[in-house]
Amino acid sequence: MLEQLEGSQAIARTVARCRPEVISAYPISPQTHIVEGLSDLVRTGELEPCEYLMVESEFAAMSACIGAAAAGARSYTATASQGLLYMAEALYNASGLGLPIVMTLANRAIGAPINIWNDHSDSMSQRDSGWIQLYAETNQEAADLHVQAFRLAEQLSLPVMVCMDGFILTHAYEQVDLPSQEQVDAFLPPFEPRQVLDPADPVTIGAMVGPEAFTEVKYLMHAKQLQALDAIPELAGEFERGFGRPSGGLVRGYRTDDAETIVVALGSVLGTIEDVIDELREQGVMIGALAIKCFRPWPIDEVREALARAQRVVVIEKAFAVGAGGIVGQNTRLALSGLNPVVYDVVAGLGGRPITARSLQALFADLLEDRLEPGPLHFLDLKRGVVERELERMQGGHRPGPHAENIIRELGIVAARSH
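All figures in this text were calculated on a predicted structure; none of them were measured in a lab.

Procedures and definitions
Residue numbers here run from 1 along each chain, matching the order of that chain's written sequence. With the structure being a predicted model, the display of local features is reserved for residues of pLDDT at least 70 and the display and counting of side-chain atom pairs for 80 or more, all residues being used for whole-chain, interface and lining totals. With hydrogens and water set aside, each side-chain value is computed from the structure's full complement of heavy atoms. Each helix is a run of H or I in the DSSP string that is no shorter than four residues. Each strand is a run of E no shorter than two, and both are numbered from the N terminus. For a helix, the expected span equals 1.5 Å multiplied by the number of residues minus one. Only protein chains enter the accessibility calculation, which uses a 1.4 Å probe; a residue is then buried when its area is under 20% of its type maximum, exposed when over 50%, and partly exposed in between. The directions considered for the arc are those from the helix axis to the C-beta atoms. A contact between two residues is defined here by any heavy atoms of the two lying within 4.5 Å. Basic side-chain nitrogens of Lys or Arg form a salt bridge, by our definition, when they fall within 4 Å of a carboxyl oxygen of Asp or Glu. Side-chain atoms alone can form a polar contact between residues adjacent in sequence; in general such a contact is a pair of N or O atoms within 3.5 Å, and within protein one must be able to donate a hydrogen while the other accepts it. Geometry is summarised by axes, namely lines fitted to C-alpha atoms with helices restricted to the contacting stretch, and by angles between N-to-C directions that run from 0 to 180 degrees. Angular relationships are summarised with four words: roughly parallel below 35 degrees, roughly antiparallel beyond 145, roughly perpendicular across 65 to 115, and oblique for the angles in between.

**Describing helix α7 (residues 139-156)**
Move 1: Helix length check: α7, at 18 residues, gives a terminal C-alpha distance of 25 Å against a target of 26 Å (1.5 Å per residue), a fit within 8%.
Move 2: Counting buried residues along α7, 17 of its 18 residues qualify, which places the element largely inside the surrounding structure.
Move 3: One or two positions beyond α7, positive phi appears at Ser-157, with a value near 55°.

Right, here's the structure in full:
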């Protein structure tokens, strides 16, 4: 049934239909509406039995989920940005213990300077924490991915992070076809944990492991996560048959069959990219897009197959490794090792800066007219004059002061106002 819903409320209601038994909540924008919505469902009795835990921090939220999952309960939480960093230690514990926790990450920039708007720097910072990472393009897909995430997590006994763009999706009102309770129950069986703490059969988990076994433990974590590369497409196919719509998977191509140029991206920006691609196709430009649905584990074979026949690959990503370069770009180069496509890394949308159709059209024009170099890291809509003046200030004989405040002052922007 189609309903006009805020993205966060669509996620809350979908998660509730997955019948979590423990929800651990700590508010941080822009995910707060999700856990607020779930608290109402628990309070009114619509979601029961469920233990709703209001904890004192994000670290506590993940720690509570670890305890609940280890005791055999279907467990869920949500966070964003600095909250994800605060729970980083516990993230590694959850994956290392092989606990099937599902978490919504409402993607938001990491400070300093403080910024509450969307980019992917939070999830990318934890890309090697052992969590499966799925990325949603729309609120419909975000809802669908949560149903699949619980099934995937419990099938593999691994934690899964569903990433959806903060504010762009979480606070947007769209029509969403919410899965019915009957559909979810048919797709997602009752939780039967692979490992569980039982007083009648005591066992130690998380014990110290020395050099004689640590490599083997880590190898098995890697091998276990790679199993998701087979499981994710299988679950996506089963989901489509049961719910009547395609959703999820590893990658999705858009007009790539004959494309000479292919744009690679994650998340909600793909809608704008595909609109621009349609306009360029009408002008005779052979261009397409590849949506990365699963970033961890990295679907190297699927990416390689999708991009192998292209001449140029443009990776548009909302995060980068400071001092190194593009993160998705480096993974894409790994997939294309030994093949011909030239890869261009373009960082865009940092801290919520809009990625407009006009900016993308200008970028693709530069690319097609050979004005874009394949080596350097490119920043879409970078205010070069501002940056150059700040670099000159740094090289002066006096103390330059904090960059953020200097730039804000130059642009005539007040960082925070109260009216």
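**Some remarks on the environment of Gln-175**
Move 1: For Gln-175, the location among the structural elements is in strand β8 (residues 173-177).
Move 2: Judged by its relative accessible area of 52%, Gln-175 falls in the exposed class.
Move 3: Spatially, the C-alpha atom of Gln-175 lies 4.4 Å from that of Gln-4, the residues being 171 residues apart in sequence.

**Observations concerning helix α12 (residues 300-307)**
Move 1: Burial in α12 covers these residues: Val-303, Ala-306 and Leu-307. Taken end-on, α12 shows its buried residues confined to a sector of 85°, consistent with a single buried face. Opposite the buried face of α12, at more than 90 degrees from it, the exposed residues are Asp-301 and Glu-305.
Move 2: Residues of α12 that are buried make contact with β9 (251-254), β10 (261-265), β11 (287-292), β13 (312-317) and α13 (327-335).

**Observations regarding the pattern of salt bridges**
Move 1: Considering all chains together, one arrives at 19 salt bridges under this definition.
Move 2: Close ionic contact of Glu-137 with Arg-252 constitutes a salt bridge, the shortest N to O distance being 2.9 Å. With Glu-137 in the loop between β6 (132-135) and α7 and Arg-252 in strand β9, this residue pair connects regions lying 115 residues apart in the sequence.
Move 3: For Glu-137, a relative accessible area of 13% translates into the label buried.
Move 4: When its relative accessible area of 27% is taken as the criterion, Arg-252 is described as partly exposed.
Move 5: Among the ionic pairs, Arg-245 bridges to Asp-177, the shortest N-O distance being 3.2 Å. Of this pair, Arg-245 sits in the loop between α10 (228-243) and β9 while Asp-177 is found in strand β8, placing the two residues 68 residues apart along the sequence.
Move 6: Relative accessible area serves as the criterion here: at 13%, Arg-245 is assigned to the buried category.

**Focus on the side chain of Thr-332**
Move 1: Mapped onto the fold, Thr-332 is located in helix α13.
Move 2: In this structure the side chain of Thr-332 is engaged in a polar contact, spanning 2.8 Å, whose partner is the backbone oxygen of Val-328.
Move 3: Residues in contact with Thr-332, not counting those within four places in the same chain, are Val-264, Trp-298, Leu-307, Val-313 and Val-315.

**Quick look at the environment of Ala-94**
Move 1: Positionally, Ala-94 belongs in helix α5 (residues 88-96).
Move 2: Relative accessible area serves as the criterion here: at 0%, Ala-94 is assigned to the buried category.
Move 3: Residues Ala-94 and Ala-69, spaced 25 residues apart in sequence, show a C-alpha to C-alpha distance of 9.1 Å.
Move 4: Sequence-distant contacts of Ala-94, defined by excluding residues within four places in its chain, comprise Met-62, Ile-66, Leu-99, Ile-101, Trp-131 and Pro-159.

**Describing the packing of helix α9 (residues 214-226) against α10**
Move 1: The interhelical angle for the contact between α9 and α10, taken along N-to-C directions, is 25°, at an axis separation of 5 Å. Relative to α10, α9 is oriented roughly parallel. Of the residues in α10, those touching α9 at Lys-224, Gln-225 and Leu-226 are Ala-228, Leu-229 and Asp-230.

Such coordinate-based values are descriptive only and should not be taken to indicate function.
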